[in-house]
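# Structural features, examined
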Amino acid sequence: MNTTRRGRGTRVVLLAAALVLLIGVAVISVGIGAHTVAPAEVVRALLAYDGSGDHTVVRDVRVPRAVLAVGAGAALAVAGTLVQVLSRNPLAEPGVLGVTAGAGFAITLGSALGLAAAPAAELGLAVAGAVAAAVLVYSVGRRSPLRLVLTGVALSAVLAGVSLGLRLLMPTVFDRYRFWAVGSLAGREQAPTTLPMVAIGLAVVGALLLSRQLNAVTLGDNVAHTLGANVARVRLSALVIITVLAGAATAVAGPILFVGLMVPHLARRAAGASVPWLTAFAAVLGPVLLLVADVASRVLLPTGEVPVAIVTAFLGGPVLIWAVRRYGTVPL
Amino acid sequence: MSIVRSPRLAGALVLALAVATGCGSGSGDTGAAPEGKAETRVFKADNGDITIPVSPKRVVATGYAVPALLEADAPLVGISTWKRGLPLMTAEDLATYEKLAKVAGESAAETNYEAIAEAQPDLIVIGVPKPVLADIDLARLEKVAPVVAIGPNVPSAWRDLSRKQADAAGALSKFDATRGEYQTKAESIKKKYADVLPKLKLAHVGAYGEVAKGNFQREFNGSWGTNVAQDAGANYYGQVKVKGGGGRDVSEYPSIEELPTALAEADGISYSVNADGSVPPNVKYVLDSELWKNLPAVKAGKTYPFRYTEAATYQAAMKTLDAVDQAFAPLLTK
């Protein structure tokens with residue numbers, strides 16, 4: 001009992017520290033960019049907006065971008081956590097359920113049919129593709145986690161192949177897709193992201209509420225039944241939440257694959273095997289990671305920005321290997 | 001039963017035999033031709049001094065050479081596709097374009113070497129930008145016919161290059177007439193705006209920014225969006241921060257955050273639009289930004305949409321001149 005209380009206290013402190021870190025990197029994200037804005041002016045832009053060029057840069061370009069990073073980071077990290085827990089596979093990430101491939105296929109098909117001209121249309125296509133892929137994967141593989149993952153991987157391969165075929169046949173489709181395919185937070189400030197961000201917020205809350213029952217499911221279906229959990233309902237709810245999170249994040253920022261894999265591993269250092277704590281830490285550390293990567297994407301090269309998905313892959317891989325080598329792995 | 005049933009295959013075999021026996025063009029630079037062979041001359045191209053026929057009869061053109069040689073009525077037998085230039089072509093040139101065999105796609109990497117061989121050209125004119133030339137297997141093409149590579153390095157170079165391409169194809173007479181027509185038209189528009197345009201510090205937003213990188217394309221003098229307007233008397237102030245070679249010597253890609261500082265001094269701002277007047281997504285991203293709406297030139301209503309900024313021939317550039325004239329017309333009433 002004593003040990004549990006001490007563990008909870010430590011986790012609360014660590015989570016609070018992570019929140020402070022999140023606020024710190026968010027402030028840095030709003031303060032740094034291609035156009036130099038003095039720190040005092042950044043504060044004034046937030047508190048006493050006067051419509052000047054500097055204030056518009058902060059309010060209309062950097063703040064929406066930081067909010068997008070927080071939303072997409074939380075969505076991908078929580079979705080990755082749920083996928084790993086649900087599939088009992090530490091190598092799983094939201095893409096294995098076919099959600100990313102579904103979104104990519106919908107963008108490709110939409111471009112081929114001339115439906116992806118505006119950002120709003122692109123966003124709608126990505127969500128529709130993600131949902132359709134998730135429904136298909138769940139309807140085929142709902143009986144077991146392994147079947148679910150295999151179905152997701154198989155569907156991803158098929159959709160990726162068909163998408164590639166379309167892009168090779170139609171150069172204009174390839175042109176449109178290549179801009180979407182590299183996940184980026186730049187240039188998204190004018191896209192209608194309010195609805196996806198609200199969906200992400202609700203889905204994160206849903207994940208936190210579901211996490212206690214997922215805790216039971218990790219013990220195996222029989223034990224979960226004994227503990228009163230409805231395994232099928234929990235699994236379906238988790239899949240719906242994963243679809244909403246990964247679909248919305250992919251729609252607003254394009255595919256950013258590494259966050260969903262890496263953050264749960266880093267969060268597990270602080271959360272241990274507790275799914276509720278793991279979900280909470282992922283919801284905070286995901287945005288931290290994406291904000292740091294996004295700031296790095298702006299300052300790494302003197303020639304201009306690098307898409308954030310490249311930075312997460314470039315920096316995230318070595319960081320994950322270092323963390324695993326330094327601290328070892330924590331079992332699911 | 002005939003061994004060679006397809007005329008195309010027969011042609012390719014004859015061509016292969018001709019290559020194997022070395023009977024391509026090949027006399028010296030004097031122009032004297034041995035009996036039975038076409039008269040030749042030495043032509044300076046991006047790929048060196050090339051011996052070509054004085055009056056080629058079967059020309060294959062790719063890239064920027066396509067519109068130039070269509071306009072010059074060169075004896076074309078095969079071309080690459082050139083979709084970006086379709087809205088700029090005359091009905092006659094468009095009909096010729098549609099009829100001709102397509103031996104390459106939009107990019108240099110899409111060159112169909114077998115189709116070029118089947119066209120049996122006596123001259124191949126490659127009109128791709130110099131940095132892209134490496135994507136083409138010149139040695140393979142040279143086995144088919146003499147190859148001259150004449151590609152742009154900077155956007156405004158189309159004036160000299162299109163003349164050079166027409167010269168290589170032996171089709172200069174019509175070219176020079178069209179150029180004269182263009183120059184007269186440009187001079188007339190220049191006079192029309194003589195009291196207003198030279199006083200303006202202009203800036204141009206091009207169509208090749210990348211929304212996914214959150215940037216926009218700013219074009220200076222000599223770039224795609226500006227070079228024809230310059231002939232009408234417009235002046236685009238400033239220059240790129242760092243010259244990157246080719247088109248990057250005259251245009252750059254700043255972050256959207258830099259829009260207020262980049263265009264703050266502009267008295268007027270022109271921007272590229274599609275041939276039908278619609279705004280391309282990369283330009284719309286700039287026009288929809290709050291930063292754009294706060295620019296002094298925008299607040300003063302001095303923004304000018306330019307159509308046909310892809311012109312790379314005199315005939316096409318006359319359409320651009322008309323579009324520039326139409327865009328700047330409000331300057332005469334204010």
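Residues numbered from 1 in each chain as written. Chains lettered and ligands numbered in written order. Predicted model: local features only at pLDDT ≥ 70, side-chain atom pairs only at ≥ 80, totals over all residues. Heavy atoms only, no water.

Per an unreviewed UniProt entry, chain B goes by Iron complex transport system substrate-binding protein and derives from Saccharothrix tamanrassetensis. Regarding chain B, the UniProt comment filed under Subcellular location (unreviewed entry) reads as follows: "Cell envelope". Note on chain B: under the UniProt heading Sequence similarities (unreviewed entry), the record states "Belongs to the bacterial solute-binding protein 8 family." (UniProt positions renumbered as here; feature names shortened; annotations may be inferred.)

In the nomenclature of an unreviewed UniProt entry, chain A corresponds to Iron complex transport system permease protein from the organism Saccharothrix tamanrassetensis. According to its UniProt record, chain A has this under Subcellular location (unreviewed entry): "Cell membrane". The heading Sequence similarities (unreviewed entry) in the UniProt record of chain A holds the text "Belongs to the binding-protein-dependent transport system permease family. FecCD subfamily."

Bringing the sheet that holds strand 10 (residues 251–252) of chain B into the picture now. All names here are of chain B. Pairing within the open sheet is mixed, and its five strands lie in the order 10-9-8-11-12. The open sheet has two edge strands with one neighbour each: strand 10 and strand 12 (303–306). When strand 9 (residues 217–219) meets strand 10, the two strands line up antiparallel, connected through two bridges. Note on strand 10: the bridge partner recorded for Glu 219 is Ser 251. Along the sheet, helix 13 (residues 314–328) makes contact with strand 8 (202–206) and strand 12, crossing strand 12 at roughly 160 degrees. (Pairing = 2+ DSSP bridges. Helix = DSSP H or I, 4+ residues; strand = E, 2+ residues; numbered from the N terminus. Contact = heavy atoms within 4.5 Å. Axes fitted to C-alpha atoms, helices over the stretch in contact; angles between N-to-C directions.)

Turning next to the UniProt feature "transmembrane region" (unreviewed entry) in chain A. Taken from the UniProt record, the annotation "transmembrane region" (unreviewed entry) applies to residues 63–83, 95–117, 123–141, 148–170, 190–210, 238–263, 275–293 and 305–324 of chain A. Helix makes up 81% of residues 190–210 of chain A and strand 0%, with an end-to-end C-alpha separation of 33 Å.

Looking now at the domain arrangement of chain B. Residue and element names in this part refer to chain B. Domain parsing of chain B yields domain 1 (37–173) and domain 2 (187–333). Put simply, the middle of domain 1 and the middle of domain 2, counted by C-alpha atoms, are 30 Å apart. Between domain 1 and domain 2 the total buried area reaches about 1700 Å² when both faces are included, carbon and sulfur atoms providing 65% of it. The largest contributions to the domain 1 side of the interface with domain 2 come from Leu 88, Pro 155 and Trp 158, which together make up 41% of the buried area. Connecting domain 1 to domain 2 are one salt bridge. Salt-bridge contacts for Asp 231 lead to Arg 159; the nearest nitrogen and oxygen are separated by 2.6 Å. Summed over the shared surface of domain 1 and domain 2, the number is eight residue pairs in polar contact (both at pLDDT 80 or more). Residue assignment for the side of domain 1 that touches domain 2 shows that the elements contributing at least two residues are helix 2 (65–71) and helix 6 (158–168). The residue makeup of the side of domain 1 that touches domain 2, split by class, is nine nonpolar, four polar and two charged. (Domains from an automatic or database assignment. Buried area = accessible area lost by both parts, 1.4 Å probe. Salt bridge = Lys/Arg side-chain N within 4 Å of Asp/Glu carboxyl O. Polar contact = N/O pair within 3.5 Å; in protein donor to acceptor, adjacent residues only side chain to side chain. Nonpolar A, V, L, I, M, F, W, Y, C, P; charged D, E, K, R; others polar.)

All names here are of chain A. Burial in helix 7 (residues 171–181) covers these residues: Val 173, Tyr 177 and Trp 180. One side of helix 7 holds all its buried residues, which, seen down the axis, span an arc of 55 degrees. Of the surrounding secondary structure, the elements contacted by the buried residues of helix 7 are helix 4 (99–112), helix 5 (119–141), helix 6 (145–169) and helix 10 (231–253). (Buried < 20%, exposed > 50% of the residue type's maximum accessible area, 1.4 Å probe, protein only. Arc of directions from axis to C-beta.)

This part is about the packing of aromatic side chains. How two aromatic rings sit relative to each other is set out by the distance from centre to centre and by the angle between their planes. Residue and element names in this part refer to chain A. Applying the stated criterion across every chain yields a total of 11 aromatic pairs over all chains. Relative to Phe 281, the ring of Trp 277 has its centre 6.1 Å away and its plane inclined at 40 degrees; by these criteria the two rings are tilted. Note that Trp 277 and Phe 281 are positioned in helix 12 (residues 275–299) at a spacing of four residues, about one turn of the helix. For the residue pair Trp 277 and Phe 281, the accessibility class agrees, reading buried in each case. (Phe/Tyr/Trp six-rings, centres within 6.5 Å; stacked < 30°, edge-to-face > 60°.)

Here the focus is the pattern of salt bridges. Think of it this way: side chains of opposite charge can pair up when their charged atoms draw near. Scanning all chains against the criterion turns up 18 salt bridges over all chains. Salt-bridge contacts for Lys 192 of chain B lead to Asp 325 of chain B; the nearest nitrogen and oxygen are separated by 2.9 Å. You can see Lys 192 of chain B sitting in helix 7 (residues 172–192) and its partner Asp 325 of chain B sitting in helix 13, a full 133 residues away along the chain. Under the relative-accessibility criterion, Asp 325 of chain B is labelled buried at 16%. Residues participating in the shared-partner salt-bridge network are Arg 65, Asp 294, Arg 298 and Glu 305 of chain A.

Right, let's get into the nonpolar core. Counting 92 residues, the largest nonpolar core has Val 78, Leu 97, Leu 214, Leu 245 and Ile 256 of chain A as the members making the most contacts within it. Examining the composition of this core, we find that 14 residues originate from one element, helix 3 (residues 53–87) of chain A, more than from any other. When sequence neighbours within four positions are dropped, the list of residues in contact with Leu 97 of chain A reads Val 83, Ala 133, Val 137, Leu 148, Gly 152, Leu 239 and Ile 242 of chain A. Counting 59 residues, the second largest nonpolar core, distinct from the first, contains Ile 52, Leu 70, Met 89 and Tyr 304 of chain B. (Core = buried A, V, L, I, M, F, W, Y, C linked by side-chain atoms within 4.5 Å.)

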